[in-house]
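Take a look at the letters that make up each chain.
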Amino acid sequence: MGSHRSVGHELETRFGKMIRRCSALALIVAVAACSSQMQSVDTGLRFPSDAVAIRAMFDTTVAGWNRGELQVYLSAYTDSATAMGAKGPERGVNAIGDQMRAGYWQTGRPVQALHFEHREIRPLGPDHALATGQYVLTGGGRPDRTGWFTTIWARTPAGWRMVHDHSS
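Here's a quick rundown of the structure. (Residues numbered from 1 in each chain as written. Predicted model: local features only at pLDDT ≥ 70, side-chain atom pairs only at ≥ 80, totals over all residues. Heavy atoms only, no water.)

### Some points on the sheet that holds strand β5 (residues 145-156)
Item 1. Across the sheet, six strands lie side by side as β2-β1-β6-β5-β4-β3; this open sheet has mixed pairing. Of all the strands in the sheet, just β2 (88-91) and β3 (113-125) have a single pairing partner and so form its edges. On average, each strand axis in the sheet is inclined to that of its neighbour by 25°, with strand direction left out of account.
Item 2. Alignment of β3 against strand β4 (residues 128-138), held across 10 bridges, turns out to be antiparallel. Looking at β4, one finds that Arg 122 is bridged to Leu 130.
Item 3. Along the sheet face, helix α2 (residues 49-67) touches β3, β4, β5 and β6 (159-167) and points at about 155° away from the line of β3.
Item 4. Helix α4 (residues 93-103) contacts β1 (77-85) and β2 of the sheet and is inclined by roughly 45° relative to β1. (Pairing = 2+ DSSP bridges. Helix = DSSP H or I, 4+ residues; strand = E, 2+ residues; numbered from the N terminus. Axes fitted to C-alpha atoms, helices over the stretch in contact; angles between N-to-C directions. Contact = heavy atoms within 4.5 Å.)

In structure tokens form, the structure reads like this:
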């Protein structure tokens, strides 16, 4: 204690340094948290333009279905897409086409007209989106048939395409 400072002043200085260090650390953590929060808000999706593109693909599938053009309907799927079937997932666009032929397209074209209702599209990240809604099949001398769907979409070089379809 040969210096002219008192013991109390030395403790106060140590405590002050500790407070300043903790404050600096808290500031760094807060800035990092804000930065991470900002990144999660900016997903990279260009909504609403991405949602418009996905809705346009839905419209393409409806038009293809209602004209009896299965290939146009299937153009919304990636080659490796999966679709839930009665026996579990069907893998690949060809298997999905076979599933459609066995169920809705037994005569080479669908008996009922298709449209969608209650569609909602939300981003899952910069290159993926989730779409939910209701499909409605009408006409053909049959009772209307409805069900709900959840589809997962991916941005591909060809545009937005379905990678998974779960309809019930």
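### What to know about the pattern of salt bridges
Item 1. In total, this model carries five salt bridges according to the counting rule given.
Item 2. Asp 59 is paired through a salt bridge with Arg 119; the nearest N and O atoms lie 3.5 Å apart. Here Arg 119 lies in strand β3 and Asp 59 lies in helix α2, a separation of 60 residues in the sequence.
Item 3. Residue Arg 119 is classed as partly exposed on the basis of its relative accessible area, which comes to 21%.
Item 4. With a closest N to O distance of 2.9 Å, Asp 98 and Arg 101 form a salt bridge. (Salt bridge = Lys/Arg side-chain N within 4 Å of Asp/Glu carboxyl O. Buried < 20%, exposed > 50% of the residue type's maximum accessible area, 1.4 Å probe, protein only.)

### Here we look at the pairing of β4
Item 1. Of all the 11 residues making up β4, eight are buried; the element is thus mostly covered by neighbouring parts of the structure.
Item 2. For β4 and β5, the ladder comprises 10 bridges, and the chain directions are antiparallel. Across the sheet, the residue bridging to Tyr 135 is Gly 147, located in β5.

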